[in-house]
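# Observations on chain architecture
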Amino acid sequence: MSDWRATVHALPRKRTWLLPALRAVQHDLRWIPAEALAGVAAHLRVPLSEAYGVATHYPEFRLAEPAARLVRVCTGVSCRIRGGLDLLKALTPIVGPDVTLEPFDCAFNCSVAPVVEVDGACHGRVNPDEVHRLLSAPSHSSRPPSVGEDSSIQASVQQGAGGFAEVSRHAESLAHRGLAFMVGVGSCSLAVGVADTLQALTEEIRRRRLSARVVTVGCNGLCWAAPIVTVVSPGRESQHLPHATADRIPALLDAVAADRLEPHPGVVSFLEHQRRELTARCGLVSPGDIADAIRRGSYAALSAALEARPEGVIETVKAAGLRGRGGAYFAAALKWEGARKAAGSPKYLIVNGEEGEPGIFKDRHLMEGDPHRLLEGALLAAYAAGASRVYLYIHGEAHLSAERMAQALEHARRWGLVGHRVLDSEFSVEVEIRRGAGGFVLGEETALMESLEGRRAMPRPKPPFPTEAGLFGRPTVINNVETLFAVSLIVARGADWWTSLGKGQGTKCFGLSGHLARPGLAEVEMGATLRDLLEGIGGSLAAGHVLSGVVLGGPSGIIVPPRDLDEPLVPGGRVNPGTGGVVALDETVSIREVIRTLLDFNTRESCGKCTPCREGTARLRDWLDAPVAPDRGVIGELSEVVRLASLCGLGQAAPLSILSALRDFPRAL
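Attention in this report is confined to the structure presented alongside it.

What counts and how
Residues numbered from 1 in each chain as written. Predicted model: local features only at pLDDT ≥ 70, side-chain atom pairs only at ≥ 80, totals over all residues. Heavy atoms only, no water. Axes fitted to C-alpha atoms, helices over the stretch in contact; angles between N-to-C directions. Helix = DSSP H or I, 4+ residues; strand = E, 2+ residues; numbered from the N terminus. Parallel < 35°, antiparallel > 145°, perpendicular 65-115°, else oblique. Contact = heavy atoms within 4.5 Å. Nonpolar A, V, L, I, M, F, W, Y, C, P; charged D, E, K, R; others polar. Pairing = 2+ DSSP bridges. Phe/Tyr/Trp six-rings, centres within 6.5 Å; stacked < 30°, edge-to-face > 60°. Buried < 20%, exposed > 50% of the residue type's maximum accessible area, 1.4 Å probe, protein only. Lys NZ or Arg CZ within 6 Å of the ring centre and 35° of its normal. Salt bridge = Lys/Arg side-chain N within 4 Å of Asp/Glu carboxyl O. Core = buried A, V, L, I, M, F, W, Y, C linked by side-chain atoms within 4.5 Å.

### Overview of the packing of helix α17 (residues 362–369) against helix α21 (residues 481–493)
Close contact between α17 and α21 brings their axes to 9 Å; oriented N to C, the two are set at 45°. Taken as axis vectors, α17 and α21 run oblique relative to one another. Within the contact between the two elements, α17 uses K362, D363, L366 and M367 and α21 uses V481, E482 and F485. Split by residue class, the contact of α17 with α21 holds four nonpolar, no polar and three charged.

### A short note on the sheet that holds strand β2 (residues 99–104)
The four strands lie next to each other as β2-β1-β3-β4, forming an open sheet whose pairing is mixed. Two strands close off the open sheet at either side, each with one partner strand: β2 and β4 (121–123). Neighbouring strand axes in the sheet, compared pairwise and without regard to direction, differ in orientation by 20° on average. For strand β3 (residues 116–118) and β4, the ladder comprises three bridges, and the chain directions are antiparallel. Paired with V118 across the bridge in β4 is A121.

### What to know about the packing of aromatic side chains
Here the structure, examined in full by the defined rule, presents seven aromatic pairs. Summarising the aromatic geometry, the rings of W497 and W498 are spaced 5.7 Å apart at their centres and angled 50° between planes, so their arrangement reads as tilted. Considered together, W497 and W498 belong to a single accessibility category, that of buried residues. R493 extends its terminal NZ or CZ atom over the ring of W497, reaching a point 4.7 Å from the ring centre. Geometry around F510 places K508 over its ring, the cationic atom sitting 5.4 Å from the centre.

### Examining unusual backbone geometry
Cis geometry marks the peptide bond from S345 to P346; its omega dihedral reads 0°. Residue P464 is bonded to the preceding P463 through a cis peptide linkage, with omega at 5°. Within the secondary structure, P464 is located in the loop between α20 (445–452) and β12 (476–480). The phi dihedral of R45 is positive, around 60°, even though this residue is not glycine. Position of R45 relative to the elements: it lies in the loop between α3 (34–44) and α4 (48–57). Positive phi is not limited to glycine here, since S540 has a value of about 65°. Tracing the backbone through its elements, the reader meets S540 in the loop between α23 (530–537) and β15 (547–552). With relative accessibility at 26%, the residue S540 sits in the partly exposed group.

### Considerations on the pairing of strand β17 (residues 581–586)
Of all six residues in β17, six are buried; the element is thus mostly enclosed. Neither face of β17 is left uncovered, since the one carrying G581, V583 and L585 and the one carrying V582, A584 and D586 both have all their residues buried. Of the strand pairs in this sheet, β15 and β17 are connected by five bridges, and their pairing is antiparallel. The partner of L547 across the bridge, within β17, is D586.

### What about the pattern of salt bridges?
Inspection of the entire model under this criterion finds 55 salt bridges. Across the salt bridge formed by E593 and R80, the nearest N and O atoms sit 3.2 Å from each other. Placement of the pair is E593 in helix α24 (residues 591–605) and R80 in helix α5 (residues 77–91), with a sequence separation of 513 residues. A salt bridge links E640 to R643, with the shortest nitrogen-to-oxygen separation between them at 2.8 Å. Pair noted here: E640 and R643 are both in helix α26 (residues 632–645), with a separation of three residues, about one helical turn. If you follow the salt bridges from partner to partner, you end up with D105, R596, D600, R604, R621, D622 and D625 in one network.

### Points about the nonpolar core
Grouped together as the largest cluster of nonpolar side chains are 68 residues, with contacts concentrated most on I294, Y299, W336, L349, V351, L374 and W415. Ranked by the residues each element gives to this core, the list is headed by helix α18 (residues 371–385), at ten residues. If near-sequence neighbours (up to four positions away) are discounted, L349 is found in contact with A378, A381, A382, A387, R389, V390, Y391, V477 and N479. Formed by 42 residues, the second largest nonpolar core is a distinct cluster that contains V54, A55, V441 and A447.

In structure tokens, the structure reads:
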């Protein structure tokens, strides 16, 4: 029996396991043959026609066999404007019959654009001169080499014994002191050679017999400086060493030994203009070390909350006014309250880590950098809502995020933080990770539930709302990753702390990319401006270039003109922060082409359930391709129809880019 058959036959014979089964087949065979699809359908007792409908619905599934090697070039806006199309053009004449070459919408490594993926491994900051090297290199994994297992992986606490006090004491007993080199290993840095840096640093420290540890951490947001190493020494301020490529390691260690490290001005500027609260531990905490996370504060808020009423969590978060950070900005505590009061059980919490919008990559950084903060936030939300099961839904190609969340979950389970009677309390909860297979529409909560149930991701009409009848017809809460990252901080520090930030609205994370000197992940107080992000943090554009516009919020966002750079970024304002993607465009970029790229993505990602979205987005895109476009009034009228009449947020937001262009860039149309 082949691997996929063994995996599929081990799954329960329920439709909810359809996506995991199809993923198992594709993982084993690299595509889904008709025979395998039939085998999956038969085992799960799903009609073959419906299994086919699901397999053809999700863009990551392949029903045609690729060649021996698979090369994909990102052509999302961030990569497109940084040379992605040139890379595709350079590769086209040199690939042979043993290579499948194709463009794809986004590698979600926008901060190291342009990106080429070769046999599953991403390569960032690629230029056309390097394409022969990429093709001639042997296939390899983008996983970093192991540098030794963290102390907490094998250690555990007897579940429920001694409560959190014992957990804390045990974590403290595993603490390491002394010099440490924290190597930022995230999706971004893996694409630009951090695996070589990690190996070179480990070997050089061993060769010099230095008394120092090498610790794998997540990206601290300074993607532009990757590979980056942070030097941590007791009693001294941490120092960030940017552009720490493997060949520079000996010189960097010499500088450390001679105490000649100086703060890098770009790093200082990038960090000092931020308000890092959610991201404070990214780049410092080891994602694979639960003891390290606990020593830095993880699960203390959960422990305190479990000693009080669940309603106390709702009241605190409601007083803080925390609104969802997935783009809709709905009050988080109201969802929990609604689910708690709803009749029926079991109740579910779904963590939406799909993040399938090109140009948006903040949630991946958060999961990669500090998985225990997300897990604690999810546990607090489940406790508040009365949920006994949590589904963590992660994008199918966010491999490092899924890997680190799975490791964090396993460690939390061993330490008595997940499962039966958490921390010797009356609260019991199970957490399960599910992987998606692509699909922008999964940002809509009811479409996400359809996917978990093993169906095509198509939105449901409302009411009933998910808090009344959601997953499997039971009360369900869906929260975004960034939203849950804030929960443990609010519960620990109080509502007044959160409302003291961002004019009462806390902080917001943004992924910066495009024509910027310092692309990466930034966190600022709500109400900051695009000028703060682009100039103070992002380092502005290259000398001699001027800003022509900013794509804000990805395909569901708008294009902001330079005159609005000083408008505050607030939900419902003239410049809405949306999902947190910021792509800076210089004067060489065609605004029309950017709009066309965004509309084309929305057209292809439409689930097809409602006519305004299915037909309207395609009509708008085709008008941009026509030799003579219709009158702008006609374009605006159809855009408004799509915005107002579409069933879900995808269709409602799809024409926002063209509507903003009609207002602010009329000559582009």
